[in-house]
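# Overview (structure and organization)
Spelled out from the first residue to the last, the chains are:
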Amino acid sequence: DISQATSTVRKMVHEWGMSKEIGPLRLAESQLAFLGVSGSSDCSESFKRIADEESLRILLTAEAATEKLMKEHESELRLLANALLEHETLYREQILEVVGLPQDPILERSA
């Protein structure tokens, strides 16, 4: 969901140093106040803007990649949706069968 994705990306950018724009920097706890964490903010407004823009860039990149992947596999997704409407629950073997993959795709790819 969007809330979870936003939370994860903000942690990536602000806590885990996973940002091309900001680099491997972890903000102090007091600097995370603008994210809803208690404490006072020692960050400049321009840094907050850069961090928010970087978070948005990551989210939009992931969204575009997801849309591309879904379009590439639209027929398989439709098959899965129809199978779920019919059965409500699908297990791994059923999913592989519906989308036309071998029962052990990892072994098939390495052969």
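The preceding data block contains the structure.
Residues numbered from 1 in each chain as written. Predicted model: local features only at pLDDT ≥ 70, side-chain atom pairs only at ≥ 80, totals over all residues. Heavy atoms only, no water.

What follows deals with the overall build of the chain. Each helix and strand counted, the chain has 5 helices and 0 strands in total. Of the regular secondary structure in the chain, the N- to C-terminal order runs α-α-α-α-α. Within the chain, the fraction of its 111 residues that count as buried is 21%. Contacts spanning at least 24 positions in sequence make up 30% of the contacts within the chain whose residues lie at least 6 apart. Within the structure as shown, the chain displays about 8200 Å² of accessible surface, and the carbon and sulfur contribution to it stands at 57%. (Helix = DSSP H or I, 4+ residues; strand = E, 2+ residues; numbered from the N terminus. Buried < 20%, exposed > 50% of the residue type's maximum accessible area, 1.4 Å probe, protein only. Contact = heavy atoms within 4.5 Å. Areas by Shrake-Rupley, 256 points an atom, 1.4 Å probe, with all protein chains shown as cover.)

So, about the pattern of salt bridges. Within the structure shown, the criterion is met by 5 salt bridges. D52 is the salt-bridge partner of R10, the closest N and O atoms lying 3.8 Å from each other. Taken as a pair, R10 in helix α1 (residues 2-14) and D52 in helix α2 (residues 45-72) lie far apart in primary sequence, 42 residues in all. D52 sits in the partly exposed class, given a relative accessible area of 32%. (Salt bridge = Lys/Arg side-chain N within 4 Å of Asp/Glu carboxyl O.)

In this section: the nonpolar core. Counting 7 residues, the largest nonpolar core consists of V9, M12, V13, I22, F47, A51 and I58. Sorting the residues of this core by element identifies α1 and α2 as the ones contributing at least two each. Setting aside anything within four residues of it in sequence, one finds V9 in contact with S55, I58 and L59. (Core = buried A, V, L, I, M, F, W, Y, C linked by side-chain atoms within 4.5 Å.)

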